[in-house]
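Fold and contact review
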Amino acid sequence: MSLAFDEFGRPFIILREQERKSRVKGIEAVKASIMAAKTVARTLRSSLGPKGMDKMLQSPDGDVTITNDGATILEMMEVENQIGKLMVELSKSQDHEIGDGTTGVVVLAGALLEHAEALLDMGMHPLRIAEGYEMACKVATENLDKIKTRFDFSKENIEPLVKTCMTTLSSKVVGRLKRPMAEICVKAVLAVADLERRDVNLDLIKVEGKVGGKMEDTRLVEGIVIDKEFSHPQMPKELNDVKVAILTCPFEPPKPKTKHKVDIDTVEKFEALRDAEKAYFTDMVQRCKDSGAELVICQWGFDDEANHLLMHKNLPAVRWVGGVEIELLAMATGARIVPRFQELTADKLGMAGSVKEVGFGTTKDKMLVIEGCPNLKAVTIFVRGGNRMVLDEIKRSLHDAICVARNLVRDNAIVYGGGAAEISCALAVEEAADKVTGVEHYAMRTFADALQAVPLALAENSGLPPIESLTAVKKRQLEEKNPYLGIDCNDTGTNDMREQNVFETVIGKKQQLFLATQVCKMILKIDDVIKPSEYD
Amino acid sequence: MAMSQQSGILSQGATEERGENARMASFVGAVAVADLVKSTLGPKGMDKILQSMSRGQEVTITNDGATILKSIYVDNPAAKVLVDISKVQDDEVGDGTTSVVVFAGELLREAELLVNQKVHPMTIIAGYREACDCARAVLESGAFNHQADAEQFRTDLLNIAKTTLSSKILTVDKEHFANLAVDAIMRLKGSGNLEAIHIIKKTGGTLHESFLDQGFILDKKIGVGQPKRIENARILVANTPMDTDKIKIYGARVRVDSMAKVAEIEAAEKDKMRTKVRSIIDHGINCFVNRQLIYNLPEEMFADAGVMAIEHADFDGIERLALVLGGEIVSTFDNPSEVKLGSCKLIEEIMIGEDRLIHFSGVALGEACTIVLRGASSHILEEAERSLHDALCVLKETVADARVVYGGGWPEIRMAKAVEELASRTPGKKALAMEAFARALRALPATICDNAGLDSAEIVANLKAAHGADSSSRMGVDVVRGEAGDMKELGIYESFRVRQQVLLSGTEASEIILRVDDLIKCAPRQRG
């Protein structure tokens, strides 16, 4: 195959060292890719929906993660196969763009490819399939626009938002406490949201966690929590209404960046230097005091002497605060970040309503809680959980919920969940397919079938008979022209997703369709896979 | 599994287990860990010898669940969840580390049976959750609070301490140690700051000779030629270099062209130290405690001035000392008038066994105290310290949340009964899970009996009957007599916080493991 003939009929080799490379071509290559993608999708399939199961992942170093978040699973699976990696990327981009629906998108892509395999067997050209999918995807997204509803909320009426977040959280480990958790997320998002511009800066929401306690103890701090303590054990543990100075220069003698040496060759110089050093410390601390600061937050370390002087001058201080926290603190307190002591003036200070050092359990861990900042633009969700794994999982779940709330603030159009939107789209695509002649007709029909994989998986994971429940809902949707009917995963007795309050954002859903179709197209277009067979 | 390996999705060496296999693997792992610590539960629980893998091959003998699990190396991911949960229990309430693991293990053992009966794990979880809520409510209603009555509260605390200690090595002297622990905690006056309690271990003597000292004992030496006994001491606690006071300005170095100059600079350095010492002495102190080393020169100067100088008190020691003496930790010495000095009535050198220690008595802050543990070997002492730590933690929790429940399996039997009643009212498969939950609860007292060599089935059945007949029954396992006994009369009490944490953490851990249906192990990292 990799042997070609030139114009004189002499053979020459295009790919060297045949045996060292493995190569799959043509329809075989497409099928191998589909196989790989399907395998990845199958792993995630059982994690879909409120009754989805978790995966336990052991990292190369032996750490254990338990999660049902699609993006996290795929990331930690260490997928080796190239096509598999595409699926991982797929889920990641959904995560970055929307933050939710990472499992759904992979399941959808897997289903699309699986069904494409049947079409390939019929002898259809992969690209024609891809084109058909594209057309179907367009129909489906248009249908989403048709069935979407706006939903209203305001700072006063957060109920709808809370309900949406609850849907997201119900499939996670925090399902038991979805109501309070959802409220925390919504409040956090609204606290930092700019409703005028319809924008939310997620950097302002920090999710901090500490192992121990109960999930119920999770709370929203309208301020910032930093995993640090006061630099001197005898500084006051609680401060109220303090002026904050934020410094990015260490309380240490200066270290010029140019290489230099200070030579001491006489006693006078030695003494001069000694005095200079002393003066440095008093000067530094005095400058802070003079500016009127009552709390110093510093990005760098303190020398022992400086530390004591600070204590002595009644100037509580925190050291080694990370860059991100420094910025957050600056935003919240309204302080300017000061890089040099000389530039510290009274107008560069910020305000904090209360600063408290909080300890936990029997260990000596302590954290600083800074609340009541004038600029309420930064909030922290402080998570507690039985062990590290639960904690990490709660953090991930909250992140998802926060993303959903953010998306709604950005664009408040929604479609109903529980597979309702997928079924409705499938119906629309089927209808459109009937008007199309040619190979695309089949592809579009297949697309419709693949869309139903999501409600199928939902039903299956919820322990319902998948095909029966799906067809029943589909029939009702057709008869009643009601796009709000979906799979009743929680066994509440109604299929109307409006009553169950299960909905998703239109942007999220559209993104899922687009991304899944794109990846499908990409995979279908591959007709030759060449890779070195073994490294050793 | 086979599928993913064929198509080579995962990297080489990685494994994936799905569905039943994954669940089986995690059940087996978790139950194995639970069984490992099971035999240490209760007053007649046995100890384990742990030999470390490092070169010293040090040996630890303990029956503290958290310590055992911390030291063993587990590979099974589900087992790691249990190890983690016992660690958290230790951090959070300090005791009940074994109970929580055994309880989670029993829940999983029951769940395995249910899964084999084709009950979906999610249904089991739903049942467990409801059962847990019900059990918690019962636990809360069964708790009592005597904080208002100081006398009664102290008895409660004593009983709790005794119950905790009875399963440990200190059980022979539990009366003594319970008093010790309660005294120490009462001195904290509800502040719950365990750092103020200092535990010193000294080999020699017997456990019974351990004592609580009202003052503060520092395991350090007094400098040569300095007073060994100071009354009405004024103490400066410092953290400052007392060897050679280096110049901290970056890049400074000494460059000279003759020996004479070296001598001059050396003299200047000494001079600097002298001034420092002088300014320290100018604080009007007669005792100086430093975190860092004190070299001979300053030591000599202190001796000349009649000041006791104690060097190299480690950081914890310094902080605690500052706390106890009420002074501040000082690093600069230019403003003697503004520095808060520590004070105490008497500092003296005392002998414990063969070691000389420094004893501060009559300290300003009445909260602190020192517990000196004596024992025949270092292993005993370490285990004694762990046991005492457990007791102190539990007492601290009880002082913070004064609710108390009876021990000896009383809460478990009571909760199991309530959960079973709930199950009988619940329709659907969830009820099966609730019944399983009740059985798992009852497994705890059963294990206590088994470990004591008693007929667990008989005793648990008797308890069940007693509680069934009288809903306010106080019956629990009386290990000494090997029968059901009145917990109030026997004085077996436990802290409500600990029991609640066991219940919640155990349920949570089993839930996490149950939710798993796929187990992916990445290829172990290659170590060069």
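Cut-offs used in this document
Residues numbered from 1 in each chain as written. Chains lettered and ligands numbered in written order. Predicted model: local features only at pLDDT ≥ 70, side-chain atom pairs only at ≥ 80, totals over all residues. Heavy atoms only, no water. Buried < 20%, exposed > 50% of the residue type's maximum accessible area, 1.4 Å probe, protein only. Helix = DSSP H or I, 4+ residues; strand = E, 2+ residues; numbered from the N terminus. Pairing = 2+ DSSP bridges. Contact = heavy atoms within 4.5 Å. Axes fitted to C-alpha atoms, helices over the stretch in contact; angles between N-to-C directions. Parallel < 35°, antiparallel > 145°, perpendicular 65-115°, else oblique. Left-handed = near helix turned anticlockwise from the far one by under 90°. Salt bridge = Lys/Arg side-chain N within 4 Å of Asp/Glu carboxyl O. 1 Å grid on protein atoms, 1.4 Å probe; cavity = no way out; pocket = protein on both sides within 12 Å on 5 of 7 lines; lining within 4 Å. Points joined across faces, edges and corners; volume = space filled by probe spheres on them. Nonpolar A, V, L, I, M, F, W, Y, C, P; charged D, E, K, R; others polar. Buried area = accessible area lost by both parts, 1.4 Å probe. Polar contact = N/O pair within 3.5 Å; in protein donor to acceptor, adjacent residues only side chain to side chain. Core = buried A, V, L, I, M, F, W, Y, C linked by side-chain atoms within 4.5 Å. Domains from an automatic or database assignment. Patch = residues over 30% accessible without salt bridge, like charges linked within 9 Å, V, L, I, M, F, W, Y side chains within 5 Å. Areas by Shrake-Rupley, 256 points an atom, 1.4 Å probe, with all protein chains shown as cover. Lys, Arg positive; Asp, Glu negative; His and termini not counted. Charge placed at Lys NZ, Arg CZ, Asp CG, Glu CD.

To continue, consider the pairing of strand 20 (residues 516-521) of chain B. Among the six residues of strand 20 of chain B, five are classified as buried, and the element is accordingly described as predominantly covered. Relative to strand 20 of chain B, strand 4 (residues 54-58) of chain A runs parallel, the two sharing five bridges. Each residue of the ladder has a partner; that of A:Asp54, found in strand 20 of chain B, is B:Val516.

Take the environment of B:Glu383 next. Residue and element names in this part refer to chain B. Relative to the assigned elements, glutamate 383 resides in helix 12 (residues 378-400). Measuring from C-alpha to C-alpha, the distance between glutamate 383 and asparagine 63 comes to 8.3 Å, with 320 residues separating the pair along the chain. In this structure, glutamate 383 is in contact with Ile61, Thr62, Asn63, Asp64 and Ile169, ignoring residues within four places of it in sequence.

For any two helices packed against each other, the geometry comes down to the angle between their axes and how far apart the axes lie. All names here are of chain B. At a minimum axis separation of 7 Å, helix 2 (residues 19-38) and helix 4 (residues 77-92) run at an interaxial angle of 40°. Considering their axes alone, helix 2 and helix 4 lie oblique with respect to each other. Here the hand of the crossing between helix 2 and helix 4 comes out right-handed. Across the interface between the two elements, Ser26, Gly29, Ala30, Val33 and Ala34 from helix 2 touch Ala78, Ala79 and Leu82 from helix 4.

Here the focus is the pattern of salt bridges. One pass over the structure, following the stated rule, counts 48 salt bridges over all chains. We note a salt bridge from B:Asp517 to A:Lys55, for which the minimum N-O separation is 2.7 Å. Of the two residues, B:Asp517 is situated in strand 20 and A:Lys55 in strand 4; the pairing between them involves two chains. Residue B:Arg386 is joined to B:Glu383 by a salt bridge in which the shortest nitrogen-to-oxygen separation is 3.0 Å. Highlighted residues: B:Arg386 and B:Glu383, both in helix 12, separated by three residues, approximately one helical turn. Residues B:Arg386 and B:Glu383 agree in their burial class; the two are buried. By sharing partners, the salt bridges in this structure join B:Asp35, B:Lys38, B:Glu106 and B:Arg109 into a single network.

To continue, consider empty space enclosed by the protein. Evaluated as defined, the whole model comprises seven cavities of 30 Å³ or more. Roughly 100 Å³ of internal volume is contained in the largest cavity. Lining the largest cavity we find 11 residues, and of these A:Arg176, B:Cys132, B:Leu504, B:Thr507 and B:Glu508 sit closest to its centre. Breaking the lining of the largest cavity down by element, the ones donating at least two residues are helix 6 (121-142) and helix 17 (496-514) of chain B. Per-element accounting of the lining of the largest cavity gives the leading share, four residues, to helix 17 of chain B. Per-class residue counts for the lining of the largest cavity are three nonpolar, one polar and seven charged. Roughly 60 Å³ of internal volume is contained in the second largest cavity. Around the second largest cavity sit A:Leu108, A:Leu144, A:Ala421, A:Glu422, A:Cys425, A:Leu451, A:Val454, A:Lys509, A:Gln512 and A:Leu513, which together line it. Listed by contribution, the elements that provide at least two residues to the lining of the second largest cavity are helix 12 (420-434) and helix 17 (506-524) of chain A.

On to the interface of chain A and chain B. Taken together, the contact pairs 82 residues of chain A with 84 residues of chain B. Across the interface of chain A and chain B, roughly 7300 Å² is buried in total on both sides, 56% from carbon and sulfur atoms. Applying the counting criterion to the chain A and chain B interface returns two salt bridges. Remark: the boundary between chain A and chain B carries 11 residue pairs in polar contact (both at pLDDT 80 or more). With 10 residues, the single largest contributor to the side of chain A that touches chain B is helix 8 (residues 267-290) of chain A. Partitioning the side of chain A that touches chain B into residue classes produces 31 nonpolar, 25 polar and 26 charged.

So, about the nonpolar core. Counting 212 residues, the largest nonpolar core has A:Leu247, A:Phe251 and B:Phe437 as the members making the most contacts within it. Broken down by element, this core gets its largest block of residues, 11 residues, from helix 14 (residues 430-451) of chain B. Aside from chain neighbours lying at most four places away, what touches A:Leu247 is A:Cys288, A:Val296, A:Ile297, A:Cys298, A:Gln299, A:Ile326, A:Val338, A:Phe341 and A:Leu344. If you look at the next biggest cluster of nonpolar residues, it comprises 76 residues, including A:Leu44, A:Leu57, A:Ala111 and A:Ala413.

The domains assigned to chain B are domain 1 (15-144 + 406-521), domain 2 (147-215 + 369-401) and domain 3 (216-365). Between the C-alpha centres of domain 1 of chain B and domain 3 of chain B there is a distance of 53 Å.

A cluster of acidic side chains, namely A:Glu268, A:Glu271, A:Asp275, B:Glu264 and B:Asp271, defines a negative patch on the protein surface. For the negative patch, the secondary structure elements donating two or more residues are helix 8 of chain A together with helix 9 (259-281) of chain B. Here the negative patch takes three residues from helix 8 of chain A, the largest share from any one element. For A:Glu271, the location among the structural elements is in helix 8. Take A:Glu271: its relative accessible area is 30%, and that puts it in the partly exposed class.

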